[in-house]
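Residue strings, one per chain:
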Amino acid sequence: MAATKLLGVFAHVDTATRAIKALRARGVRSIAAYSPVPLDEFEEALTGHGLPRSPVRLFTLVGALIGTASGFALTIWSALKWNLITGGKPVVSIPPFVVIAFELTILLGGLCTLLGLFVTARLPSLRGSSLYDPRFSEDRFGVEVTCDAAERGAIEDLLRSAGAEEVRA
Amino acid sequence: MSDAEPRPRSIAGGAHAAEPTFADVNRDVLATLHPPGNLYFAWMCVVGLILTCGILAWTYQIFYGMGAAGKRTPQMWAMYITTFVFWIGIGHAGTLISAILYLFRAKWRTSIYRGSEAMTIFAVLTAGLFPVIHAGRMWYAYWLIPYPNERYLWPNFRSPLVWDVFAISTYLTISTVFFIVGLVPDIAALRDASTGMKRRIYGMLALGWQGTDRQWRHYRRAYGLFAALATPLVVSVHSVVSWDFAMALVPGWHSTLFAPFFVDGAIFSGFAMVLVLLIPMRYYFNLYAYITDRHLDNMAKLILVTGLVLTYFYICEGFTAWYSGEHFERASYLFKWVGVYAPWWWLQIFCNSVAPLVFFWKRARTHIPTLYVVSILVLIGMWFERFNIIVPGLAHGFYPYTFGSYVPTLVDSGIIIGSFAWFLIQFLGFVKAMPSVSIVEVKETIPHPVRDGQHHH
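Residues numbered from 1 in each chain as written. Chains lettered and ligands numbered in written order. Predicted model: local features only at pLDDT ≥ 70, side-chain atom pairs only at ≥ 80, totals over all residues.

Enquirer: Can you walk me through the overall build of chain A in this structure?
Expert: In terms of helices and strands, chain A carries five helices and four strands. Its helices and strands taken in sequence order, chain A reads β-α-β-α-α-α-β-α-β from the N to the C terminus. The C-alpha atoms of chain A give a radius of gyration of 25 Å, which is well past the 15 Å a tight globule of 169 residues would have. Considering only C-alpha atoms, chain A reaches an extent of 80 × 30 × 30 Å along its principal axes. Buried residues in chain A amount to 43% of all 169 residues. (Helix = DSSP H or I, 4+ residues; strand = E, 2+ residues; numbered from the N terminus. Rg over C-alpha atoms; globule rule 2.2 N^0.38 Å. Buried ≥ 20, exposed ≤ 12 C-beta atoms within 10 Å, placed from the backbone.)

Enquirer: Quick question: what am I supposed to make of the environment of G270(B) here?
Expert: Residue and element names in this part refer to chain B. On the secondary structure map, G270 appears in helix 9 (residues 258-285). Separated by 184 residues in sequence, G270 and F86 have C-alpha atoms that sit 9.2 Å apart. Each residue touching G270, except ones within four places of it in the same chain, is listed here: G89, I90, G91, H92, A93 and G94. (Contact = placed C-beta atoms within 7 Å.)

Enquirer: Explanation requested: the packing of helix 10 (residues 293-323) of chain B against helix 12 (residues 342-354) of chain B in the structure shown.
Expert: What describes two packed helices is the angle between their axes and the distance between those same axes. Residues and elements named next belong to chain B. Where helix 10 meets helix 12, the closest approach of the two axes is 8 Å, and the angle between their N-to-C directions is 140°. Here helix 10 lies oblique to helix 12, going by the angle between them. Mapping the contact onto sequence places G307, L310, T311 and Y314 in helix 10 and I349, N352 and S353 in helix 12. A breakdown of the residues in the contact of helix 10 with helix 12 according to their chemical character gives three nonpolar, four polar and no charged. (Axes fitted to C-alpha atoms, helices over the stretch in contact; angles between N-to-C directions. Parallel < 35°, antiparallel > 145°, perpendicular 65-115°, else oblique. Nonpolar A, V, L, I, M, F, W, Y, C, P; charged D, E, K, R; others polar.)

Enquirer: What should I look at first to understand the interface of chain B and chain A in this one?
Expert: The extent of an interface is frequently quoted as the accessible surface area lost upon association of the parts. Across the contact, 50 residues belong to chain B and 55 residues belong to chain A. Elements with a contribution of two residues or more to the side of chain B that touches chain A: helix 1 (22-31), helix 6 (160-193), helix 8 (213-246) and helix 16 (439-445) of chain B. The biggest single contributor to the side of chain B that touches chain A is helix 8 of chain B, with 16 residues. Across the side of chain B that touches chain A, the residue classes tally to 26 nonpolar, 13 polar and eleven charged.

Enquirer: Looking at this structure, how should I read the nonpolar core?
Expert: Burial of nonpolar side chains together is a common tendency in soluble globular proteins. If you look at the biggest cluster of nonpolar residues, it comprises 175 residues, and the most contacted ones within it are A19(A), F271(B), V274(B) and I303(B). In this structure, A19(A) is in contact with G8(A), F10(A), V143(A), L158(A), L159(A), A162(A) and A164(A), ignoring residues within four places of it in sequence. (Core = buried A, V, L, I, M, F, W, Y, C linked by C-beta atoms within 7 Å.)

Enquirer: Help me out: how do you make sense of helix 15 (residues 410-433) of chain B in this one?
Expert: Quick reminder: α-helices carry 3.6 residues per turn. Residues three or four places apart thus point the same way. Here helix 15 of chain B is 24 residues long and its end C-alpha atoms lie 34 Å apart, about the 34 Å a rise of 1.5 Å per residue gives. Of the residues making up helix 15 of chain B, those classed as buried are V411(B), D412(B), G414(B), I415(B), I416(B), G418(B), S419(B), A421(B), W422(B), F423(B), L424(B) and V431(B). (Expected span 1.5 Å × (residues − 1).)

Enquirer: Would you mind showing me how to read the pairing of strand 3 (residues 141-148) of chain A here?
Expert: Put simply, side chains in a regular strand alternate between the two faces of the sheet. All names here are of chain A. Across the eight residues that make up strand 3, a large majority, six, are buried. Inspection of the sheet shows strand 1 (residues 3-10) paired to strand 3 by eight bridges, in the antiparallel sense. Across the sheet, the residue bridging to F10 is F141, located in strand 3. (Pairing = 2+ DSSP bridges.)

Enquirer: Hey, could you run me through the domain arrangement of chain A in this one?
Expert: One can read the domain layout of chain A as domain 1 (3-53 + 132-168) and domain 2 (56-120). On a C-alpha basis, the centres of domain 1 of chain A and domain 2 of chain A stand 45 Å from each other. (Domains from an automatic or database assignment.)

Enquirer: Just to check I follow, could you spell out the sheet that holds strand 1 of chain A for this structure?
Expert: Paired through backbone hydrogen bonds, the strands of a sheet run either parallel or antiparallel to each other. All names here are of chain A. The sheet built from four strands is open, its strands ordered 2-3-1-4 with antiparallel pairing. The two strands at the open ends of the sheet, each matched to only one other strand, are strand 2 (31-34) and strand 4 (166-168). Going across the sheet, the axis of each strand differs from the next one's by a mean of 20°, ignoring polarity.

Enquirer: Can you help me understand the confidence of the model for chain B in this one?
Expert: Reading fine detail from the predicted coordinates is not recommended where pLDDT is low. Residue and element names in this part refer to chain B. Mean pLDDT for chain B: 91, with 95% of residues reaching 70 or above. Per-element averaging of pLDDT across chain B places helix 1 at the bottom with 92 and helix 12 at the top with 97. Counted against residues more than four places away or in other chains, residues 1-17, with its pLDDT under 50, gives 23 contacts. Model confidence for the complex is summarised by a pTM of 0.93, with the ipTM given as 0.94. (pLDDT = per-residue confidence, 0-100.)

Enquirer: Which parts of the structure should I look at to understand the pairing of strand 1 of chain A?
Expert: Pairing of strand 1 of chain A with strand 4 of chain A, which is carried by three bridges, proceeds in the antiparallel orientation. Considered in strand 4 of chain A, the bridge of L7(A) is made with R168(A).

Structure representation (structure tokens):
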């Protein structure tokens, strides 16, 4: 059966949250919510169990560790390339190399966080949802459902009874 | 707020209720991007003219050499490095507001963080010019990039100057990424509110942001991680800058005090610059509903605290010189007090240790002229603090044969004044191209629209 998309536009956080909960209670799983600000309520309602975790932090961790390793690798390797004692200090003098390793930890950790954000949030997104309403960046909240054409009427009623200002397809 | 006081008004007209609504925030912040009036262009012309003078001065220096900038041994650092350290320091308050206060969940930061963070980027971009200007033959600036020369000889990673390259470039990169990521949802709001060519440009910059739950979920986590990375970074950057001095054996420089001393001074001067920029911005854009007296009060308190800590460091500096029992340390310190640069030393003490004390009075913390005057005094004081570390420090080394004073020239003064114009022209351009108050973050701190019952956020 052909899948169809429905969008409910809400003026309030609580009514939109209620709609998401009711949809989930019905067993609908392909829900997308739109909001002008990040909302704990939406995240909790969408997972059904507390705040979800994001894999972005794995990108940060891996990037930061690569940064630390490459900082030490670059400084130690390049010092050994010219194996000459200067100033009575060891050729591989770790304390000053910590500075380079630290800065590269932050640099690569930050850049990988950006990469992680792009990958997980699927940005830049060339074509977002065609149902997007420009008011979602102002003061409206959206609940978008992908459902079978047969269910359409029931879901539309559900969105309206939860308090949607308008429902569009 | 009592009834007698005027209601905060937005630029788009109409008094707000007790607190702005979501739609008010969009309207008021987007109103700051309306086509500017003649006053704006007049300012742009003045700033552009000063910048042109600075560029001409630099051209002269490139043509005739570093002697034009008054460089003579031992005064090889003089005003360029002074101003470099000054501008890097200015940036730190922006990161403090955007990252550190974010981690502390200080909600009052939301309306001032965007402007402060823009200030950070522009200050670092200004500071970044100075090593290049200072290097003289600036067409060899790429030598700063760590790569091996033709004999496979790498840069000396034990040198603080190489650490500086890593610290400053990391700082610029991470601050810029953090700043742009913060801007994306706001640019989406701009896109949705504009038409035609503007809509296409903002649409591309918004990266297709639609505010879906998926986008927000990862966005928030990434944002927190950026803040967590930027926080130790900002402390490291000015510490590394201070080690440019502290790793050298020059009397008065070779001290473990320098890293916290520099970081604190950086934040102190940065807050002053935030006030210098935000007070006029609030006035011209009529953002009284967002940048309130509470913000000014908090910032004045932070200036007071960092100023008192700085005073403590000044006392430590003197104590260290005396307690060292070392002749050169003592002589170098005494030279600051009574030598040829003494007036500037006492000006620094007045601006940084005495002037901010006025903020012990609550009225002074919200009195605009007082805030403005003290902020400018703090900026002057902090510039002279760096001057007083560099110039008298180098003037009075270990051996009288190496003593030597420095006198500014028209060329290096011109370049330094030009750097202020370069900073301001970026900021002036920014406030008309991008939302200088964060739409999303301000909304997060005001009551969210609910139909039934109470909502807390």
